[in-house]
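Coordinates in review
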Amino acid sequence: MEEDYISGEYICVKALENGVQVIGMTRGRDTRFHHTEKMDAGEVVLAQFTQNTSAIKIRGRALIITRHGQIESGK
Ligand code: TRP
């Protein structure tokens, strides 16, 4: 049920430099980018995995916080 995905937990991404990209990748047989969000240093995005998004790719230096722990990308 769509609502089950949409009420799922959030991940948190904080950009640690300008030009960080948070890229949503499609769920299903083909894996495409369906959205690219550009962030500047200090900006924070809270995002969910949904029926349309099965993976999230992050380019650049960012702090990523999920229930699995905290990780820094881009260094
Ligand atoms: N479209 C794929 C899926 O829904 C997404 C995917 C599978 C993927 N494996 C991956 C994305 C590895 C990035 C890396 O299952």
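Residues numbered from 1 in each chain as written. Predicted model: local features only at pLDDT ≥ 70, side-chain atom pairs only at ≥ 80, totals over all residues. Heavy atoms only, no water.

**Concerning the sheet that holds strand S2 (residues 20-26)**
Filter applied, for reference: For two strands to count as paired, DSSP must find a minimum of two bridges between them. Per the convention used, a helix needs a DSSP run of H or I reaching at least four residues, while a strand needs a run of E reaching at least two, with both numbered from the N terminus. Here an angle of 0 to 180 degrees is reported between the N-to-C directions of two axes, which are lines fitted to C-alpha atoms, with helices fitted over the stretch in contact.
Strand order in the open sheet formed by 3 strands is S3-S2-S5, and the pairing between neighbours is antiparallel. The sheet is open, and its two edges are formed by strand S3 (33-39) and strand S5 (53-59), each paired on a single side. On average, each strand axis in the sheet is inclined to that of its neighbour by 20°, with strand direction left out of account. Where S2 meets S3, 6 bridges bridge the pair, whose relative direction is antiparallel. Bridged to Gly 24 within S3 is His 35.

**A closer look at the sheet that holds strand S7 (residues 69-73)**
Taken in spatial order, the 4 strands line up as S4-S1-S6-S7 in an open sheet, and their pairing is antiparallel. Either end of the sheet is taken by a strand with one partner, and the two such strands are strand S4 (44-48) and S7. This sheet shows a mean twist of 20° between the axes of neighbouring strands, independent of strand direction. By the bridge criterion, 5 bridges tie strand S1 (residues 10-15) to S4 in an arrangement that is antiparallel. Its bridge partner being in S4, Cys 12 is matched across the sheet by Leu 46.

**Some remarks on the confidence of the model for the chain**
As a reminder of what qualifies: As a per-residue measure, pLDDT tells how confident the predictor is, with possible values from 0 to 100.
Here the chain averages 93 in pLDDT, while 91% of its residues score no lower than 70. Model confidence for the chain, summarised as mean pLDDT per element, is weakest for helix H1 (residues 2-6) at 64 and strongest for S3 at 98.

**A look at the nonpolar core**
Counted only if it meets this: Put simply, buried Ala, Val, Leu, Ile, Met, Phe, Trp, Tyr and Cys residues joined by side-chain atoms within 4.5 Å make one nonpolar core. The buried label goes to any residue with under 20% of its type's maximum accessible area, the exposed label to any with over 50%, and the partly exposed label to all in between, with areas taken from a 1.4 Å probe on protein chains only. Here a residue-residue contact requires only that any non-hydrogen atoms of the pair lie within 4.5 Å.
Core analysis: the largest hydrophobic core is formed by 8 residues, namely Ile 11, Val 13, Ala 15, Val 20, Val 22, Met 39, Ala 47 and Ala 62. Listed by contribution, the elements that provide at least two residues to this core are S1 and S2. If one sorts the elements of this core by residue count, S1 sits on top with 3 residues. Setting aside its immediate chain neighbours within four residues, Val 13 contacts Val 22, Met 39, Glu 43, Val 44, Val 45, Ile 58, Ala 62 and Leu 63.

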